[in-house]
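# Structural overview for review
Given next are the chains, with one letter for each unit.
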Amino acid sequence: MIMKGTLYCVGVGPGDPELLTLKALKIIRTCPVLAVPQSRTGVVTAQGILLKALDGCGVSLEDKMVIAMDFPMTRDDQVLQGAHEKAARRLQDELDQGRDVCLITLGCPTVYATSIYVHRLVHEAGYDTEIVPGVPSFCAVAAKLQQPLCEKDEALIVIPGNNAHRKELLALEGSKVIMKPSGRLAPIQEELRDLQLLDKASMIERCGLPGERVYEKAADAKETGYFAVLLVK
Ligand SMILES: C[S@@+](CC[C@H](N)C(=O)[O-])C[C@H]1O[C@@H](n2cnc3c(N)ncnc32)[C@H](O)[C@@H]1O
């Protein structure tokens with residue numbers, strides 16, 4: 001009987017390939033199958049980070065089976081569930097053949113990552129799985145701004161831009177990280193202004209990626225693309 005493979009859900013960090021962990025690199029090197037999500041945003045980026053990280057370290061994607069995974073950018077739960085189930089089945093086919101699979105994830109798989117849904121399905125189906133954390137985008141953004149995320153007894157509040165309670169969360173005491181602000185920057189700036197926090201807000205677009213933009217004052221930014229994080233400190 002063939003021993004089933006293991007699924008590794010691996011974070012590759014938010015952009016700078018040097019932020020890939022040694023553990024991530026080791027797993028990427030040894031897994032015969034790499035599953036790379038494809039969509040109009042994050043995922044193409046994850047592959048870009050991977051290619052740069054592998055450049056010069058003796059690993060070529062040509063030596064691997066690369067599975068492109070289709071994760072649609074939709075809020076339709078049924079469509080998403082169908083895509084996750086299809087992806088999980090595809091990975092299980094490889095695991096059933098005894099091949100280990102590395103599922104590449106932008107940033108850290110534990111932070112708003114699509115790959116975690118696929119990981120969960122495979123895990124619940126009884127396969128061996130492991131999550132390998134990566135550097136989350138908000139840590140890289142704080143580091144680039146040369147600011148701590150939180151100090152002493154300060155709370156850290158991570159808010160997705162589309163959260164229904166965004167303004168209430170922004171009003172809480174503590175450092176605030178705003179992720180996924182794309183398409184909502186103006187109302188976020190407005191709320192921060194109302195709360196007298198706009199002066200304390202910075203933003204980085206495409207942190208560690210080509211086209212990176214640092215806004216020491218988030219008030220100076222007009223709109224932003226998908227890859228942006230605000231830090232309110
Ligand atoms: C689906 S979430 C994925 C988060 C990711 N797993 C992490 O650990 O950061 C996508 C959001 O992460 C943030 N993000 C990811 N990479 C980024 C980067 N290089 N620069 C700025 N923001 C980034 C943006 O807020 C983006 O909308």
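What comes next concerns the included structure. All values reported here derive from a predicted model rather than from experimental measurement.

### Comments concerning the environment of Lys-217
Tracing the sequence through the fold places Lys-217 in the loop between β9 (213-215) and β10 (228-232). Taking the C-alpha atoms as reference points, Lys-217 and Ala-201, 16 residues apart in sequence, are found 5.9 Å from one another. Sequence-distant contacts of Lys-217, defined by excluding residues within four places in its chain, comprise Asp-199 and Ala-201. Polar contacts involving the side chain of Lys-217 include one to the main-chain carbonyl oxygen of Asp-199, which spans 2.7 Å.

### Some details on the site of the ligand
Pro-14, Val-111, Ser-137, Tyr-226 and Ala-228 are the nearest of the 18 residues found near the ligand. Within the backbone of Val-111, one N or O atom sits 2.7 Å away from a nitrogen atom of the ligand. Contact with the protein chains covers 96% of the free accessible surface of the ligand, which is 570 Å². Built from parts of two domains, the shell around the ligand gets at least three residues from each of domain 1 (6-132) and domain 2 (137-232).

### Comments concerning the packing of aromatic side chains
In the structure shown here, the tally under the stated rule is 1 aromatic pair. Taking 5.0 Å as the distance between ring centres and 85° as the angle between the ring planes, the aromatic pair formed by Tyr-226 and Phe-227 counts as edge-to-face. We classify Tyr-226 as partly exposed; its relative accessible area is 37%. Take Phe-227: its relative accessible area is 17%, and that puts it in the buried class. Looking at Lys-180, its charged tip hangs above the ring of Tyr-112, at a distance of 4.4 Å from the centre.

### Describing the pairing of strand β2 (residues 33-38)
In terms of burial, β2 is largely enclosed, as 5 of its 6 residues are buried. As paired strands, β2 and strand β3 (residues 65-70) are joined by 6 bridges and run parallel to one another. Within β3, the position partnered with Val-36 by the bridge is Ala-68.

### Quick notes on the nonpolar core
In this structure, Ile-28, Cys-102 and Ile-104 are the most contacted members of the largest nonpolar core, which totals 23 residues. Every element with two or more residues in this core is listed here: β1 (6-11), α1 (22-30), β2, α2 (42-54) and β4 (101-105). Take this core: its biggest share by element is 5 residues, from α2. Sequence-distant contacts of Ile-28, that is, excluding residues within four places in its chain, are made with Val-12, Leu-20, Leu-34, Leu-50, Leu-54, Lys-64, Cys-102 and Ile-104. Of all hydrophobic cores here, the second largest spans 17 residues; its members include Ile-188, Leu-197, Ala-228 and Leu-230.

### Quick notes on helix α5 (residues 137-144)
Taken as a whole, α5 has its buried residues at Phe-138, Ala-140, Val-141 and Ala-142. Packing partners of the buried residues in α5 comprise β6 (156-160), β7 (175-179), β8 (201-205) and β10. Looking one or two residues beyond α5, the residue adopting positive phi is Gln-146, at roughly 55°.

Thresholds applied
One numbering rule holds for all chains: residues counted from 1, following each sequence as written. Restriction of local features to residues with pLDDT of at least 70 applies here, the model being predicted, together with a cutoff of 80 or more for giving and counting side-chain atom pairs; totals for whole chains, interfaces and linings are based on all residues. Hydrogens and waters are ignored; side-chain quantities use all the structure's heavy atoms. Here a helix means four or more residues in a row that DSSP labels H or I, a strand means two or more in a row labelled E, and each is numbered from the N terminus. Residue contacts follow a heavy-atom distance rule, with two residues in contact if any of their heavy atoms lie within 4.5 Å. A 3.5 Å cut-off defines polar contacts: any pair of N or O atoms within that distance qualifies, except that in protein one atom must be a possible hydrogen donor and the other a possible acceptor, and neighbouring residues in sequence count only when both atoms are side-chain atoms. What makes a residue near a molecule or strand is one non-hydrogen atom of that residue sitting within 4 Å of it. Only the protein chains shown count as cover for residues, and the accessible areas themselves come from Shrake-Rupley with a 1.4 Å probe. These domain boundaries are the output of an automatic or database domain assignment. Between rings of Phe, Tyr and Trp, where Trp is taken as its six-membered ring, a pair exists when centres lie within 6.5 Å; planes separated by under 30 degrees are stacked, by over 60 edge-to-face, and by other angles tilted. The buried label goes to any residue with under 20% of its type's maximum accessible area, the exposed label to any with over 50%, and the partly exposed label to all in between, with areas taken from a 1.4 Å probe on protein chains only. A ring is scored as having a charge over it whenever the NZ atom of a lysine or the CZ atom of an arginine sits within 6 Å of its centre and within 35 degrees of its normal. Two strands pair under a simple rule: DSSP has to find at least two bridges between them. Each nonpolar core is a collection of buried residues, namely Ala, Val, Leu, Ile, Met, Phe, Trp, Tyr and Cys, held together in the definition by side-chain atoms within 4.5 Å.

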